[in-house]
Structures are given as structure tokens and as C-alpha cells.
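Observations on chain architecture
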Amino acid sequence: MDKFIIEGGTPLKGEVEISGSKNAALPIITACLLAPGEYRLHNIPKLRDVRTIAHLMRIIGAKVELAEHTMLVDTSHADFPEAPYELVKTMRASIYVLGPLLARFGRARVSLPGGCAWGPRPVDLHLKGMESLGAKIELDQGYINARSKRLAGKQIYLDVSSVGATGNIMMAATLAKGTTLIENAAEEPEIVNLGEFLIRMGAKIEGLGSKRIHIKGVESLHPTEFSIIPDRIESGTYLAAAMISRGEITLKGCEPGHLSEVLAKFREAGAEINIGESGVQLAAAGAIKPVNITTAVYPGYPTDMQAQWVALMSIAAGSSVVTDTIYSDRFAHVPELQRLGADVLQKGNSVFIRGVKKLKGAPVMSTDLRASASLVLAALAAEGVSDIHRVYHIDRGYEAIVDKLKKLGAKIERADDGMQY
Ligand code: UD1
């Protein structure tokens, strides 16, 4: 299995090109199931999760090809509405096929995703949403069996402002009879991007980017061409890499409007940030100031940037507290950061951090996508060499991370660690 070998201590300098958003691309690819035909999707990131969803689409009967960053999806002959356990267990976002399959075929058999590295992640809101639209749901041998005649629009209140449930219900409701109102809907840019794609397919949607999304069902949708937004989490991660290494970088092709809260926190921590025609520039020469964060739904500070902030604060000049209100167990990075010399203590859903002067290289283990990113950041700042094992997690969500970091001057190599897990 692959590992990264990182020698820390080099300030990152230069420009980095931001890829398309993973979390926007995944539901947009599955939304192609809503209407038969050929789609052309631009700015698709080359990632393991994208390959996984492409694999799932092929099982369902679609043709999928990825050339450079354009994906051609042909759903003309998609006719097998199933998502098997083997794929769903590796990527929860596979649940995004449920809404489109149910709306187009009137039936779907999708494996329950189960837990993940940081604890239980239920899909009850997805299921309740489909039931509200008139679907009959049965759970059988680890599978969701869903059936319906034509779905019927309904007013749906989400107890939690779930990104995935909002996306799934929105996709299903596009072909329902009548109007659906999703209340307490997710306002995340990825949901707005999905909604804009559905509108390009002929859907009637209002209220994107707000807590109330209206979807007026239509008789049919049609294929289209579309471009995915830049990845705001990849953007934030490279900014953190520049800051933790006391470097100076420019992000090309990112969307600063999606990063307001994250940029505000970097500024509070002492970074100089300029947003210009050439991109978003961050320079961080001085001491890193301790800054508390609490994750929240968009436009709050994203949970997907929580682990990276803990890494950054581990070398701040003082103490800080990082609290995750979205996922209370998402702290697998904490014991690994301790191995690199960080003074971090988890209690409940908070991490208490006392900044240390220096981190020291050590062998560490990736446990999930964003935890792995935080280990890469810490290793870039640490004195000496760190081996980061099980980096297949990071390949799920960061396109060409070794090449991108190398271009910025980082000393990083990918190697086989010779271990069978
Ligand atoms: C998406 C993102 C993930 C990000 C998360 C929160 C994708 C592919 N993944 O995940 O990177 O960390 O948003 O921004 O876009 N919940 C329920 N019942 C449900 C669904 C969710 O209780 O049926 C809860 C979850 O346990 C969690 C909260 O709602 O506490 C938010 O989860 P949700 O927004 O659904 O996350 P995902 O869509 O799975």
C-alpha cells in the first residue's frame, strides 16, 4: 500500500490549480440518471471517489468516460436500479443514486452505507424524505428496497440541515407530481451547483442557497452540458499548507465567495490574504495566532476543514479550542498528531490545543480523508521526516496532491510501504 514520505520545514511557494469539487461532482453525476441521454460534465476532479461513482453508474447500465477533466455520461441504456454493498461501503455518497433511481424507475435497491471511520452516519432523513414523496421503503438484509408509483410533491422539514438528504430529495422531487418544499434545506454551494445542473436539465427549482427550496415537479428532464464548481475544501487545505509552512501561495481557479468564513479565520490567525484577478493569495511569515473555531453548516466554518485547523493550531503561539458540532466523533487525527509532538487533547466534541514550538517527524497512519490531510499539513511543518501510511484515504478527495505540493516546493514522495492490510 502507498505511503507518503515528507521532509518538513520548507515554506511552500508558488501557484496551485484548484480542482473541481468532489462533493458537487458526485451528486451531479448520479443526477444524470434522471433522464436518458448523453451528458457532458466539465471540471470533474480525477479522484478515487469519482472513479467509484463512475463504477456504480456503469453497474446501473450507464456508459461513463473521463477524458482530462470532462466526463461523458450516457444513461440511455441504464436499466438496473441497484447499488451493491461492495461499492456503497467504500463511499457513502453512493446513496445519491437513491433519489434519481426512484424518480426514474419507480424502484431502487441500494445498500445501507453503515458507519464510517468517525462513527455512525445515519441516512434516516434520506429515507423519510423519499417516504414523504410517496415511496414505500423496506429494509432487508442490509439493503434499502424502495418502490413508488410516480412520486408526489410534499412539504418536508429536515430535522438536521443535511447536505446529502437535501440533494437526494431535490433530485427525486424534480420528476414528482406537484410541488415539494424542503425546509431547513442545506445551503452549501455544492447543493446550489447540483440545483443549477437540475435547472439546466429542465427542472423547476427556486430558493437554492436558502433554507427553503421549492421544486415544482415536471413530466420529464433532458440531458445537458455543465461545469462543476471549484473544490472549496481543497482550496482551504492548500491555504492551510501555505500557512503552516510559513509560505506564500496563490490559488488559481478557486471561488473565494465560497471561502468567506475560512478566509476570515486565516486572517484572524495572522495570514495576509489578497483576492485579486490572479487568484487568492496567502502569505504567512510571522507567528500563527491561536484562533478558536466551531464548525457549522454553510456559511459557517466547514467540518471538512476541522482536522486541518487542528494541525495548524498545533504550532500556534498559544492555546485554542476546536469544536465540531456537525460530527461529534470526527477526531481520528488527534492521536496521530500527538505522535508528531502536538499537545492536543480531545474531550467530547472539542479538541483543546496548546501550541508547541516545533512538531517532530514520525510514522503516522491515515484514518479518513480529512484526517489524512491534517497529517500531511503537520508533516510539512515538522522537523525531520514523517511517513504517512494508508494514503488511499487522501486519494479519495485530493487530486494529484503529491505533484501539486511538489510544484510548491514541498519535499514529498509517494512510495509503496510494502504492507498488506
Ligand atoms: C456531506 C459531505 C461531507 C461533509 C458533510 C457535512 C458529500 C459527499 N459529503 O456529507 O464531506 O462532511 O456533508 O458538511 O457531500 N444526518 C442525519 N440523518 C441523515 C443524514 C445526516 O442525522 O439522514 C446528520 C449527520 O449525522 C450529521 C449531519 O446530519 O450530523 C450532517 O450530515 P450531512 O450534511 O448529511 O452529511 P453528508 O451529506 O453525509
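As the structure is a prediction and not an experimental result, all values here were calculated from the model. (Residues numbered from 1 in each chain as written. Predicted model: local features only at pLDDT ≥ 70, side-chain atom pairs only at ≥ 80, totals over all residues. Heavy atoms only, no water.)

Once that is clear, we can look at the domain arrangement of the protein chain. By domain assignment, the protein chain separates into domain 1 (2-18 + 230-416) and domain 2 (22-227). Residue-level contacts link 21 residues of domain 1 with 21 residues of domain 2. Interface area for domain 1 against domain 2, summed over the two sides, is near 1800 Å², with a carbon-plus-sulfur share of 49%. Among the residues of domain 1 in contact with domain 2, Tyr298, Arg396 and Glu399 are the three that bury the most area, contributing 35% of the side total. Inspection of the region where domain 1 meets domain 2 yields 2 salt bridges. Across the pair Glu190 and Arg232 runs a salt bridge whose closest N-O atoms are separated by 2.7 Å. If you look at where domain 1 meets domain 2, you find 8 residue pairs in polar contact (both at pLDDT 80 or more). (Domains from an automatic or database assignment. Contact = heavy atoms within 4.5 Å. Buried area = accessible area lost by both parts, 1.4 Å probe. Salt bridge = Lys/Arg side-chain N within 4 Å of Asp/Glu carboxyl O. Polar contact = N/O pair within 3.5 Å; in protein donor to acceptor, adjacent residues only side chain to side chain.)

Inspection of the sheet shows strand β3 (residues 38-42) paired to strand β5 (residues 70-74) by 4 bridges, in the antiparallel sense. Counterpart to Arg40 in the pairing with β5 is Leu72. As paired strands, strand β4 (residues 63-67) and β5 are joined by 5 bridges and run antiparallel to one another. Residue pairing in the sheet places Leu66 in a bridge with Met71 of β5. A loop of 2 residues connects β4 with β5, the two strands running antiparallel in sequence, and Glu68 in this loop sits at a positive phi of about 50 degrees. (Pairing = 2+ DSSP bridges. Helix = DSSP H or I, 4+ residues; strand = E, 2+ residues; numbered from the N terminus.)

Now for helix α6 (residues 163-173). Helical periodicity: at 3.6 residues per turn, an α-helix aligns residues three or four positions apart in one direction. Within α6, 10 of the 11 residues are buried, which leaves the element mostly enclosed by the surrounding structure. Of the residues making up α6, those classed as buried are Gly164, Ala165, Thr166, Gly167, Asn168, Ile169, Met170, Met171, Ala172 and Ala173. With a side-chain oxygen positioned 3.4 Å from the backbone nitrogen of Gly164, the residue opening α6 is Ser162. (Buried < 20%, exposed > 50% of the residue type's maximum accessible area, 1.4 Å probe, protein only.)

Quick look at the site of the ligand now. For the ligand, the set of nearby residues contains 18 residues, the closest of which are Asp124, Ser162, Val163, Asp304 and Ile326. Here Asn23 contributes a side-chain N or O atom positioned 3.1 Å from an oxygen atom of the ligand. The backbone of Val163 places a nitrogen or oxygen atom 2.7 Å from an oxygen atom of the ligand. Considering the ligand on its own, with 730 Å² of exposed area, one finds that the protein chains cover 84% of that surface. Secondary structure elements with two or more residues in the shell around the ligand: α5 (124-132) and α6. (Near = heavy atom within 4 Å. Areas by Shrake-Rupley, 256 points an atom, 1.4 Å probe, with all protein chains shown as cover.)

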